[in-house]
Amino acid sequence: MPRVFPRALSALFVVMLAACETTTSGGAVGADRAQLMLVSSQEIEQMAAESYAKLLADAARKGVLNRDGAMLQRLRAVASRIEPQTAVFRRDAPAWKWEVNLLASDELNAFCMPGGKIMVHSGLVTQLGLSDAEIAVVMGHEIAHALREHSREQVSQAIAAQAAIGAGTALLGLGQGSAELAGAGYQALIATRFSRTDESEADRIGLELAARAGYDPRAGVALWRKMMNAHSGGRAPEFLSSHPADSRRVAQIEALLPAVMPLYQASLGRR
Ligand SMILES: [Zn+2]
């Protein structure tokens, strides 16, 4: 084994230390865990914007994009109330190029891609009979993933894992193209499976966003109970494989209510 090998690894370690940062600040519920970031926000947002544009084009071709005008208007109204509140966590976020679109689909699903590209499957709203406040909680949750750049963090972790292997193989003369690293990153972005920690952060920040936007955060309890029922009622929706709805989650949301109810009440006074 060449003597340079440990040195290469420690160099990687230094890079990783330098890359630790936190994407958000402030808020009443807090989420300031340091995150490993090895790619820039711009690179991720570029990838996300391209993926989102392709998704919209494919949906339009199949005739399933924004077919229900009334529901689309409801979703955009909720999003437009939440968007300015994101400034509490990130100063740059209100100026993102936000987009909200609706997919005609039976799936219980919704997501917000990096940079504020939101997609809601109509099945989530119709099959669970969501109120505006429940829509605000689920949208706040998805927006929180984007604010915390959880996808960028996942891409970075995938690259770090690849690079740790690559550092060894490169020294042995096998080589490791940067294209391959980019490929690993892209894979992590499109097949995002958030961790429990990510989910908990998104619940905290999302609930605060909904409350500040004037939506009753107690809807969070009702929302996740509906999700739990949907899960027990047969096939597991795609959404729940990455967002497990369980009593632990409901209990955490109930525990957050004392922190966010005053924000909700204050927002009512301003309306
Ligand atoms: Zn989530």
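These figures come from a predicted structure and were not determined experimentally.

Rules and cut-offs
Residues numbered from 1 in each chain as written. Predicted model: local features only at pLDDT ≥ 70, side-chain atom pairs only at ≥ 80, totals over all residues. Heavy atoms only, no water. Buried < 20%, exposed > 50% of the residue type's maximum accessible area, 1.4 Å probe, protein only. Helix = DSSP H or I, 4+ residues; strand = E, 2+ residues; numbered from the N terminus. Pairing = 2+ DSSP bridges. 1 Å grid on protein atoms, 1.4 Å probe; cavity = no way out; pocket = protein on both sides within 12 Å on 5 of 7 lines; lining within 4 Å. Points joined across faces, edges and corners; volume = space filled by probe spheres on them. Nonpolar A, V, L, I, M, F, W, Y, C, P; charged D, E, K, R; others polar. Axes fitted to C-alpha atoms, helices over the stretch in contact; angles between N-to-C directions. Contact = heavy atoms within 4.5 Å. Phe/Tyr/Trp six-rings, centres within 6.5 Å; stacked < 30°, edge-to-face > 60°. Lys NZ or Arg CZ within 6 Å of the ring centre and 35° of its normal. Expected span 1.5 Å × (residues − 1). Core = buried A, V, L, I, M, F, W, Y, C linked by side-chain atoms within 4.5 Å. Salt bridge = Lys/Arg side-chain N within 4 Å of Asp/Glu carboxyl O. Parallel < 35°, antiparallel > 145°, perpendicular 65-115°, else oblique. Left-handed = near helix turned anticlockwise from the far one by under 90°.

A. Main features of the pairing of strand 5 (residues 117-121). Of all five residues that make up strand 5, five are buried, and the element is covered over most of its length. Here strand 5 shows a buried face lined by Lys117, Met119 and His121 and a second buried face lined by Ile118 and Val120. Taken together, the five bridges between strand 3 (residues 99-103) and strand 5 define a ladder with parallel strand orientation. Paired with Leu102 across the bridge in strand 5 is Val120. Alignment of strand 4 (residues 110-113) against strand 5, held across four bridges, turns out to be antiparallel.

B. How the structure looks around the layout of surface pockets. Here the second largest pocket defines a volume of roughly 180 Å³. Around the second largest pocket, the lining residues are Gln42, Glu45, Gln46, Ala49, Ala95, Trp96, Lys97, Pro114, Gly115 and Lys117. Among the elements that line the lining of the second largest pocket, the one with the most residues is helix 2 (residues 41-62), at four residues. Class assignment for the residues of the lining of the second largest pocket results in four nonpolar, three polar and three charged.

C. Structural detail: the sheet that holds strand 4. Ordered in space as 3-5-4, the three strands form an open sheet in which the pairing is mixed. Looking at which strands have only one partner, the edges of the open sheet turn out to be strand 3 and strand 4. The average undirected angle you get between the axes of adjacent strands in this sheet is 15°. Seen against the sheet, helix 3 (residues 69-82) touches strand 3 and strand 5 and runs at an angle of roughly 150° to strand 3.

D. A look at the packing of aromatic side chains. Scanning the model with the defined rule gives one aromatic pair in all. On the numbers, 5.3 Å between centres and 35° between planes, the contact of Trp96 with Trp98 is tilted. By relative accessible area, Trp96 is classed as buried at 11%. Over the ring of Tyr215 we find Arg81, and its NZ or CZ is 4.0 Å from the ring centre. Its end group placed over the ring of Trp224, Arg249 keeps NZ or CZ at 4.0 Å from the ring centre.

E. Quick peek at helix 8 (residues 196-212). With 17 residues, helix 8 should cover 24 Å at 1.5 Å per step; its first-to-last C-alpha distance of 24 Å lies within 8% of that length. Within helix 8, 12 of the 17 residues are buried, which leaves the element mostly enclosed by the surrounding structure. Just past helix 8, the residue Gly214 takes up positive phi, approximately 90°.

F. Layout of the nonpolar core. Residues Leu75, Val120, Leu124, Met139, Ile143, Trp224 and Met227 are the most contacted members of the largest nonpolar core, which totals 56 residues. The leading source of residues in this core is helix 5 (residues 132-147), at 10 residues. Every residue in contact with Leu124, bar those within four places of it in the chain, is listed here: Glu107, Leu108, Asn109, Ala110, Leu130, Val138 and Met227.

G. Quick peek at the environment of Ile205. In this fold, Ile205 is placed in helix 8. The class of Ile205 is buried, set by a relative accessible area of 0%. Once the C-alpha coordinates of Ile205 and Ala28 are considered, the two residues, 177 residues apart in sequence, prove to be 8.7 Å apart.

H. Up close: the side chain of Gln85. Among the structural elements, Gln85 can be located in the loop between helix 3 and strand 3. Excluding its chain neighbours within four sequence positions, the residues that come into contact with Gln85 are Leu209, Arg212 and Ala213.

I. Highlighting the pattern of salt bridges. Summed over all chains, the structure comprises 14 salt bridges. Its salt-bridge partner being Lys226, residue Glu134 comes within 2.8 Å of it at the nearest N-O pair. Placement of the pair is Glu134 in helix 5 and Lys226 in helix 9 (residues 219-232), with a sequence separation of 92 residues. Using a relative accessible area of 7% as the deciding quantity, one classes Glu134 as buried.

J. Summary view of the packing of helix 3 against helix 5. Across the interface, helix 3 lies against helix 5 with an axial gap of 10 Å and an inter-helix angle of 60°. It follows from the interaxial angle that helix 3 and helix 5 lie oblique. The crossing of helix 3 and helix 5 is right-handed. Every residue of helix 5 that contacts helix 3 at Arg74, Leu75, Val78, Ala79 and Ile82 is listed here: Asp132, Ile135, Ala136, Met139, Gly140 and Ile143. Here the residues of the contact of helix 3 with helix 5 are counted per class, giving eight nonpolar, one polar and two charged.

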